Amino acid sequence: MNLRTPLAKVRGLGSAKEGLHHWWALKLTAIALIPLTLWFIYSLVSMTTLDYLAAIGWLQSPMTSTLLILFVFTVFYHAQLGIQVIIEDYIENEALKITSIILLKFVMLFAGLAGIVAILKVFLGL
Amino acid sequence: MAAVNRPLSPHLQIYKPQLTSVLSITHRGTGVFLSLGALFLSCWLLSIANGPESYTAVQQHVLSWYGQTILYAWVFSLYYHLCNGIRHLCWDMGFGFEIKTTYISGYIVLAVSILFTIATWCLVRGGV
């Protein structure tokens, strides 16, 4: 015999547990990426030359580094959330699924952080 | 228990490809492809931080025919994912669910991403 009320069953089994935060973060980063992506393309296209000194000069502008750090952070955050959904949808084997998600999070965090450190290194002239 | 051949729900390969389903899977495809682009962006930024030699080495690949091909595939994917992402955000707000509207918005997304890719190519060629 089950003494739980129908309402309690629904509350315990609904989809809106941690999934809501994942969805919200995906949408929030998507909205932030609309202006950031347009700026990123504009900023790259408006560079007249692509030699080393031009690239250094580009990164040494405070506005460029700030927006670029924001862009890299948001891109990697958004990308790992999106790929996580694809892994969850297409990989059936539970162990492989969890391993792939953990690997994804580690790789994306490392690559995103490395990009940001590179920007800061050039910006600070280290 | 004996295996019973119960009817299964129709699978992807049964359906004729439609604009809506093709655009949907393209959104995922471009998402994965752009994630590789994000990894490359980090490599490119690291090459700048590493000094002129590594930057020139990376830049040689970027400016080669295969580098340019991948680069413009990334540019198209970026515009596509951006436009279709806005389409998704509109759906999230409850707009554009009618069959006719999804087709119109789908064609707009395709047209805008192709046009913007060509425009970006022209601007880069014209500028440099």
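## Section: the overall build of chain A
Moving on, step 1. Across its full length, chain A holds five helices and zero strands.
Moving on, step 2. Helices (α) and strands (β) of chain A occur, in sequence order from the N terminus, as α-α-α-α-α.
Moving on, step 3. In summary, chain A has a C-alpha radius of gyration of 21 Å against a globular reference of 14 Å for 126 residues, an excess of more than 25%.
Moving on, step 4. Each principal axis of the C-alpha distribution contributes one length, and for chain A these read about 75 × 30 × 25 Å.
Moving on, step 5. Out of the 126 residues in chain A, the part that is buried amounts to 16%.
Moving on, step 6. Partitioning the intrachain contacts of chain A with sequence separation of at least 6 by distance along the chain shows that 74% fall at a separation of at least 24.

## Thoughts on the interface of chain A and chain B
Moving on, step 1. Between chain A and chain B, the residue contacts involve 28 residues of the former and 27 residues of the latter.
Moving on, step 2. With eight residues, helix α5 (residues 94-124) of chain A is the largest single contributor of residues to the side of chain A that touches chain B.
Moving on, step 3. A breakdown of the residues in the side of chain A that touches chain B according to their chemical character gives 21 nonpolar, five polar and two charged.

## Describing the packing of helix α2 (residues 19-45) of chain A against helix α3 (residues 65-92) of chain B
Moving on, step 1. Their axes nearest at 10 Å, the elements α2(A) and α3(B) cross at an angle of 135°. Here α2(A) is positioned oblique relative to α3(B), judged by the angle of their axes. Here α2(A) and α3(B) pass one another in a crossing that is left-handed. Together, Lys27(A), Ala30(A), Ile31(A), Ile34(A) and Thr37(A) of α2(A) and Leu78(B), Leu82(B), Gly85(B), Ile86(B), Leu89(B) and Asp92(B) of α3(B) make up the contact between the two elements.
Moving on, step 2. Tallied by class, residues from the contact of α2(A) with α3(B) come to seven nonpolar, two polar and two charged.

## Things to note about α5(A)
Residues and elements named next belong to chain A.
Moving on, step 1. Taking 1.5 Å of rise per residue, 31 residues should cover 45 Å, and α5 covers 45 Å from first to last C-alpha, within 8% of that figure.
Moving on, step 2. Of the positions making up α5, those classed as buried are Met 108, Ala 111, Gly 112, Gly 115, Ala 118 and Ile 119.
Moving on, step 3. Remark: Gly 125 follows α5 within two positions and exhibits a positive phi of approximately 70°.

## Some details on α3(B)
Residue and element names in this part refer to chain B.
Moving on, step 1. Between the first and last C-alpha of α3 there are 40 Å, a value that for 28 residues agrees with the 40 Å anticipated at 1.5 Å per step.
Moving on, step 2. Those residues of α3 that fall on the buried side of the exposure criterion are Val 75, Ser 77, Leu 78, Tyr 79, Tyr 80, His 81, Leu 82, Cys 83, Asn 84 and Gly 85.
Moving on, step 3. Note on α3: the residue one or two positions beyond its end, Gly 94, has a positive phi of about 95°.

## Observations concerning the confidence of the model for chain B
All names here are of chain B.
Moving on, step 1. Chain-level statistics for chain B give a pLDDT mean of 92 and a share of 96% at 70 or above.
Moving on, step 2. When the elements of chain B are averaged for pLDDT, helix α4 (residues 99-127) gives the smallest value, 94, and α3 the largest, 97.
Moving on, step 3. Across the predicted assembly, pTM comes out at 0.88 and ipTM at 0.88.

## Notes on the nonpolar core
Moving on, step 1. The biggest cluster of nonpolar side chains holds 29 residues, and the ones touching the most others in it are Val75(A) and Phe76(A).
Moving on, step 2. Residue assignment for this core shows that the elements contributing at least two residues are α2, α4 (62-90) and α5 of chain A together with α1 (19-50) and α3 of chain B.

Thresholds, definitions, all that
- Residues numbered from 1 in each chain as written.
- Chains lettered and ligands numbered in written order.
- Predicted model: local features only at pLDDT ≥ 70, side-chain atom pairs only at ≥ 80, totals over all residues.
- Helix = DSSP H or I, 4+ residues; strand = E, 2+ residues; numbered from the N terminus.
- Rg over C-alpha atoms; globule rule 2.2 N^0.38 Å.
- Buried ≥ 20, exposed ≤ 12 C-beta atoms within 10 Å, placed from the backbone.
- Contact = placed C-beta atoms within 7 Å.
- Nonpolar A, V, L, I, M, F, W, Y, C, P; charged D, E, K, R; others polar.
- Axes fitted to C-alpha atoms, helices over the stretch in contact; angles between N-to-C directions.
- Parallel < 35°, antiparallel > 145°, perpendicular 65-115°, else oblique.
- Left-handed = near helix turned anticlockwise from the far one by under 90°.
- Expected span 1.5 Å × (residues − 1).
- pLDDT = per-residue confidence, 0-100.
- Core = buried A, V, L, I, M, F, W, Y, C linked by C-beta atoms within 7 Å.

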